[in-house]
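Structural characterization, general
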Amino acid sequence: CLAALLMMWMWALAEKVPVDAFFGQATEKRLHDVTRISPAAKAAVLRSAVSSVEPRLGVPKFLWAAPQRGGTSLASLNVTPEQAARRHLAQYAELYRTDYQQLADAKVSAVHDLHDGSAVIVTFQQRVGDVRVFRDEVHVVMNARLELVAISGYLTPATHLRGQFKLSAGTALLTAARDLTGADF
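Residues numbered from 1 in each chain as written. Predicted model: local features only at pLDDT ≥ 70, side-chain atom pairs only at ≥ 80, totals over all residues. Heavy atoms only, no water.

1. Some details on the overall build of the chain
Each helix and strand in the chain was counted, giving five helices and six strands. Each helix and strand of the chain, ordered N terminal to C terminal, gives the series α-α-β-β-α-α-β-β-β-β-α. Here the chain holds 185 residues, and 29% of them are scored as buried. Taking the intrachain contacts of the chain between residues at least 6 apart in sequence as the baseline, contacts between residues at least 24 apart amount to 58%. Total accessible area computed for the chain in this model is approximately 11700 Å², and 58% of it derives from carbon and sulfur atoms. (Helix = DSSP H or I, 4+ residues; strand = E, 2+ residues; numbered from the N terminus. Buried < 20%, exposed > 50% of the residue type's maximum accessible area, 1.4 Å probe, protein only. Contact = heavy atoms within 4.5 Å. Areas by Shrake-Rupley, 256 points an atom, 1.4 Å probe, with all protein chains shown as cover.)

2. Overview of the pattern of salt bridges
Under the definition given, this model contains four salt bridges. A salt bridge links R178 to D184; its shortest N-O distance comes to 3.5 Å. Its relative accessible area of 33% is what places R178 among the partly exposed residues. (Salt bridge = Lys/Arg side-chain N within 4 Å of Asp/Glu carboxyl O.)

3. Some words on the nonpolar core
By size, the foremost hydrophobic cluster in this structure holds 29 residues, and its most contacted members are L89, Y92, Y96, F124, V140, M142 and I151. Secondary structure elements with two or more residues in this core: helix 2 (39-46), strand 2 (59-65), helix 3 (81-91), strand 4 (120-128), strand 5 (131-142) and strand 6 (148-154). (Core = buried A, V, L, I, M, F, W, Y, C linked by side-chain atoms within 4.5 Å.)

4. Concerning the environment of A144
Structurally, A144 is set in the loop between strand 5 and strand 6. Spatially, the C-alpha atoms of A144 and S73 are 9.2 Å apart, while their sequence positions differ by 71 residues. Ignoring sequence-local partners within four residues, the contact set of A144 consists of A75, G117 and S118.

5. Considering helix 2
When we look at burial in helix 2, the residues that qualify are A41, A44 and V45. Taken end-on, helix 2 shows its buried residues confined to a sector of 100°, consistent with a single buried face. For helix 2, the exposed residues set more than 90 degrees away from the buried face come down to P39 and L46. Of the surrounding secondary structure, the elements contacted by the buried residues of helix 2 are strand 1 (48-54) and helix 3. (Arc of directions from axis to C-beta.)

6. Focus: the confidence of the model for the chain
Chain-level statistics for the chain give a pLDDT mean of 79 and a share of 76% at 70 or above. Across residues 15-23, where pLDDT falls below 50, the model places eleven contacts with residues more than four positions away in sequence or in other chains. (pLDDT = per-residue confidence, 0-100.)

7. Here we look at helix 5 (residues 169-181)
Here helix 5 contains 13 residues, and its C-alpha end-to-end distance of 18 Å stays within 8% of the 18 Å for a straight helix at 1.5 Å per residue. The positive-phi residue at the C-terminal boundary of helix 5 is G182, with phi of around 80°. (Expected span 1.5 Å × (residues − 1).)

8. Observations regarding the side chain of T98
Following the sequence through the fold, T98 ends up in the loop between helix 3 and helix 4 (100-105). Residue class for T98 comes out buried when judged on its relative accessible area of 15%. A polar contact of 2.3 Å, which involves the side chain of T98, links it to the side chain of Q102. Those residues in contact with T98 that lie beyond four places of it in its chain are A93 and L103. (Polar contact = N/O pair within 3.5 Å; in protein donor to acceptor, adjacent residues only side chain to side chain.)

Structure representation (structure tokens):
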């Protein structure tokens, strides 16, 4: 029964909503001006290249980091991939319009490390009140030395819970399907 409801909802969505209404909003923000961020964040930003921006939020969708030269690697200091990834995200927190607490609250959903000297990817998901924020995920790509290569995705800045959920998951799904399609289930 739930599968049939979902199929009808998907069909109605495809027929009536040709674009993503959330991302179709006209509001647009630009990336932070590097003259308005801290010297440490500015140094990190100037060594990197933003190749894609989420215009709704004014945050990078894809950032390439400059290759690091020499020095002691984080891997040789027994830093875990998660710790290294959080460190790299903290360097760019201002550019992503976030703070250290939001980064600390992000949950690791995957660590991809083949232990063959290739890339290590740590994926973080954003949660508010233990509910995953739809679409909000950031991937930190590092080399085997745990040096930053790139950051893909973003966490939505300044999210917070506005009260408690008043509907059960099933009731919310039925209400959304009814509102979207006009059908009475």
